[in-house]
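Inside the fold
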Amino acid sequence: MNNRTVRTIEQAIVIAGAIAGLLFGATAHAEIEASLDLRLVSSDGRNSFLDGGFGKLRYDNDDDGLQLGRARLAGRWAIGGDWHANIDLSAWSLHDHNAIDVTEGWLEWRPVPTSAWKSNLKIGAFYPPISLEHRAPGWTNPYTISSSALNTWVGEELRTIGIAYELEHLGTAEGGRLDYGVEAAVFGWNDPAGVEMALRGWSLNDRQTPLFGRIGTYAYGGRQQRVIFSEIDHRPGYHVSGYARWDGNLELRALHYDNRGDPEVYKESIEDYAWDTHFNSAGLRYDGGRGTTVIAQWLDGDTAADDDPTMRWTFNTKFVLLAQGFGRHRLSARYDEFRVRQTVGSNPARLSRENGNAWTLGWSWAVHEHVDVMTEWLRIDSLHSARAALGEAPKAIEHSLQLSLRLSL
Amino acid sequence: MRPVFHTFLALLAPAALAAPLQLQFVGVDGKGIAATVVTLRSTDAARPVAKPTAAVMDQVDRQFVPHVLVIPLGSQVVFPNSDSVAHQVYSFSPANKFQLPLYRGKPPPPVLFGREGLVTLGCNIHDQMRAYVYVVQAQYFGRTDAEGSWSVADVEPGEYKIEIWHPLSRTVRPVLEQTVKIPANGARLTLRAAAPLRLRSESQLPSNWDVY
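Residues numbered from 1 in each chain as written. Chains lettered and ligands numbered in written order. Predicted model: local features only at pLDDT ≥ 70, side-chain atom pairs only at ≥ 80, totals over all residues.

**With respect to the overall build of chain B**
The number of helices and strands found in chain B is one helix and 17 strands. The C-alpha extent of chain B, read off along each of the three principal axes, is 55 × 40 × 35 Å. Residues counted as buried form 30% of the 212 residues belonging to chain B. Long-range contacts, defined here as pairs at least 24 residues apart, represent 63% of the contacts in chain B between residues at least 6 apart. (Helix = DSSP H or I, 4+ residues; strand = E, 2+ residues; numbered from the N terminus. Buried ≥ 20, exposed ≤ 12 C-beta atoms within 10 Å, placed from the backbone. Contact = placed C-beta atoms within 7 Å.)

Shown next, in the form of structure tokens:
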């Protein structure tokens, strides 16, 4: 059997298993969540990265009209002995590599705390604790339709596929003012992380790359369907993180990530290197008593592939989001800045580079327990040197206006 | 019904044994403070305290209801689950450590609260769920209303220690402790906090957030 066949069989087993699990869960004592997000889109974006362009938006100027934002089916069930199983399936587009695919799936050991110290162990595929925006089920951002550049990248290229242990101290349960926690994780299958950053740059959207899915991207010679979650060098990566939360409403988080990629190892079947990616991220979130929320996050890192010294990039981004709730309504505004730099090249004037900023305005309305409406206006101003290779102007200002109708069980 | 009932009591009982108490708890700015827990305990140790009772702490829309439950020592509390999702209630407060199994539907047997003090409740599945059971050994107890007021129609005259605690006060200790004398004809008291309470703000966020 060739690699492709093996992969197809693997995917079929995982997805069939997940659906069987959910069906079993529906009859046994499980909690099932299902939702549908339909969009009305108007965009003047350049050819989207999903179609092999350097456009920054999920929906470009060919995508105006009705779109499937996301269809989601998720389940959680207790499997005994303080263990729980979780699976999250989504469909993002009917044209994806797999129409339905897994975004997260993990087993969790969650013993009941007998003191202020609380332990939690996760095994499987799940998000590293970076985003302060994604607070709603299914790693959903409740403030704006498109996530910040920082957290869009988390959804596109990062997943902890391995084991994570978290130890927390719940001081507020003892009358104190501080809760805090530390987490350490060891993972594999995240070796391509960094490739999108190097070759394409940042984006702002809401699509999450599924575990067995692809991300469409630009490559010399045309669009490429890249695999993001793959083990290439057989060296595990790690992340360590911590948080501190005062009075339940001011939270600080920090994380260090290193996939310990060996950039000289190449995997023929997915046509990619093990990208050696490191970054630090930090964030702050404050929830005021009158429905005000402030979120600020920062990330700074680098990535390298191949033994070619020119295949090295640094990248960084930051954003600040301000949201105000009014009963069932919430207004949000966010400003992002992002940048990517190739560090070495034969001709310094032709180093690949990207600079940009974005403004996002969102309004959400909880119409009913099972119905939400969200609108978003997004403007991305970016300069990407590689656009010249497509005969485009390096600088682009792209806009989109989206209306989202979200129905949930 | 209630005023009639009280009038009936007043006719039957000797006036000296049923004095009305009206109490208001105010901040340093003079404004009433709502939702505080008030307990009145006689300095006469021989006087009987309130008898144990049966109480309910429900779980609705991933929140405990009520947020604060005040019960006499020795009371039993049942924890029904009105949600479609399973909950796992626990407390590691020294006053009453316990844990219930993960359950939906039929609740486990009631929990006995056999020690005085503040018990913080949590749910092991939904970290944002938090509530308090305040276990008291006192003759009278209750919570202040929106104006910071609380009243009892028939306090037995005598000397009492008043304790006031607020669930958002960032402390498990009372924010005010004071001894007062209730005369036979009742009393109208205004108690003022010695320092600003600096209460925590209560979360305004949907209860299914912060799952990550």
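**Description of the overall build of chain A**
Within chain A, the secondary structure is distributed over three helices and 20 strands. Structurally, chain A occupies a C-alpha span of about 60 × 50 × 40 Å along its principal axes. Restricting to contacts in chain A with at least 6 residues of sequence separation, those with at least 24 account for 61%.

**A closer look at the interface of chain B and chain A**
Much of the literature gives interface size as the accessible area that the parts lose upon coming together. Counting residues at the interface gives 26 residues for chain B and 28 residues for chain A. Looking at the side of chain B that touches chain A, its residues break down into 10 nonpolar, 10 polar and six charged. (Nonpolar A, V, L, I, M, F, W, Y, C, P; charged D, E, K, R; others polar.)

**Some points on the pairing of strand β5 (residues 117–126) of chain A**
Residue and element names in this part refer to chain A. As paired strands, strand β4 (residues 101–109) and β5 are joined by five bridges and run antiparallel to one another. Paired with L107 across the bridge in β5 is I123. Summarising the sheet, β5 and strand β6 (residues 160–170) pair through 10 bridges and their orientation is antiparallel. Within β6, the position partnered with A125 by the bridge is I161. (Pairing = 2+ DSSP bridges.)

**Quick notes on unusual backbone geometry**
Residue B:P66 is reached from B:V65 by a cis peptide bond, and omega for that bond is 5°. With respect to the helices, strands and loops of the structure, B:P66 is situated in the loop between β5 (63–65) and β6 (68–72). The backbone of A:W139 sits at a positive phi, close to 50°, despite the residue not being glycine. By the secondary structure assignment, A:W139 is in the loop between β5 and α2 (149–157). For A:W139, a count of 24 C-beta atoms within 10 Å translates into the label buried. The residue B:R62 is not glycine, and still its phi comes out positive at about 55°. In this structure, B:R62 sits in the loop between β4 (58–60) and β5.

**Here we look at the confidence of the model for chain B**
Regions with low pLDDT carry predicted coordinates that are not meant to be interpreted in detail. Residue and element names in this part refer to chain B. Looking at chain B as a whole, its pLDDT mean stands at 89, while 92% of the residues score no less than 70. Scored below 50 in pLDDT, residues 1–16 shows eight contacts in the model against residues more than four places distant or in partner chains. Both scores are available for the predicted complex, with the pTM at 0.91 and the ipTM at 0.87. (pLDDT = per-residue confidence, 0-100.)

**Some thoughts on the nonpolar core**
Ranked by size, the top nonpolar core spans 61 residues in total, and within it A:A149, A:L150, A:W153, A:M197, A:F229 and A:W275 carry the most contacts. Looking at this core, the element that brings in the most residues is strand β16 (residues 312–326) of chain A, giving five residues. If you look at the next biggest cluster of nonpolar residues, it comprises 40 residues, including B:L21, B:F64, B:V119 and B:V175. (Core = buried A, V, L, I, M, F, W, Y, C linked by C-beta atoms within 7 Å.)

**What about α2(A)?**
Residues and elements named next belong to chain A. Most of α2 is tucked away, with nine of its nine residues classed as buried. The set of residues buried in α2 consists of A149, L150, N151, T152, W153, V154, G155, E156 and E157. At its buried positions, α2 is contacted by α3 (195–199), β8 (215–219), β15 (292–304), β16, β17 (329–342) and β18 (353–368).

**Concerning the sheet that holds strand β11 (residues 117–123) of chain B**
Residue and element names in this part refer to chain B. Pairing within the open sheet is mixed, and its five strands lie in the order β6-β12-β11-β8-β9. Every other strand in the sheet has two partners, leaving β6 and β9 (98–99) as the edge strands with one partner each. Pairing geometry for strand β8 (residues 89–91) and β9, over two bridges, is antiparallel. Following the sheet pairing, Y90 is matched in β9 by Q99.

**Thoughts on the sheet that holds strand β14 (residues 149–155) of chain B**
Residues and elements named next belong to chain B. In spatial order, the strands read β14-β1-β17; together these three strands make up an open sheet with mixed pairing. Two strands in the sheet have a free side with no partner beyond their single neighbour: β14 and β17 (187–192). Each strand axis lies, on average, 15° off the axis of its neighbour in the sheet, ignoring direction. (Axes fitted to C-alpha atoms, helices over the stretch in contact; angles between N-to-C directions.)

**Side note on the domain arrangement of chain B**
Residue and element names in this part refer to chain B. Split by domain assignment, chain B resolves into domain 1 (19–47 + 139–192) and domain 2 (54–136). Of note, the centres of domain 1 and domain 2, computed from C-alpha atoms alone, are 25 Å apart. For the side of domain 1 that touches domain 2, the secondary structure elements donating two or more residues are β2 (37–42) and β13 (140–143). Looking at the side of domain 1 that touches domain 2 residue by residue, the class counts come to five nonpolar, one polar and one charged. (Domains from an automatic or database assignment.)

**Some thoughts on the pairing of β4(A)**
Strand residues, when the strand is regular, have side chains that alternate between the two faces of the sheet. Here eight bridges tie strand β3 (residues 83–91) of chain A to β4(A), and the two strands are oriented antiparallel to one another. Residue pairing for β4(A): A:D88 is matched across the bridge by A:E104.

**A few points about the environment of A:R235**
All names here are of chain A. Locating R235 in the fold gives a position in the loop between β9 (222–226) and β10 (237–246). Distance in space between the C-alpha atoms of R235 and T293 is 40 Å, their sequence separation being 58 residues. Residues in contact with R235, not counting those within four places in the same chain, are R260 and D262.

**Looking at the environment of A:I215**
Residues and elements named next belong to chain A. Mapping I215 onto the fold places it in strand β8. The class for I215 is buried, based on 23 C-beta atoms found within 10 Å. Taking the C-alpha atoms as reference, I215 lies 13 Å from T103; in sequence the two are 112 residues apart. Here I215 is in contact with E156, E196, T209, R226 and I228, once residues within four sequence places are set aside.

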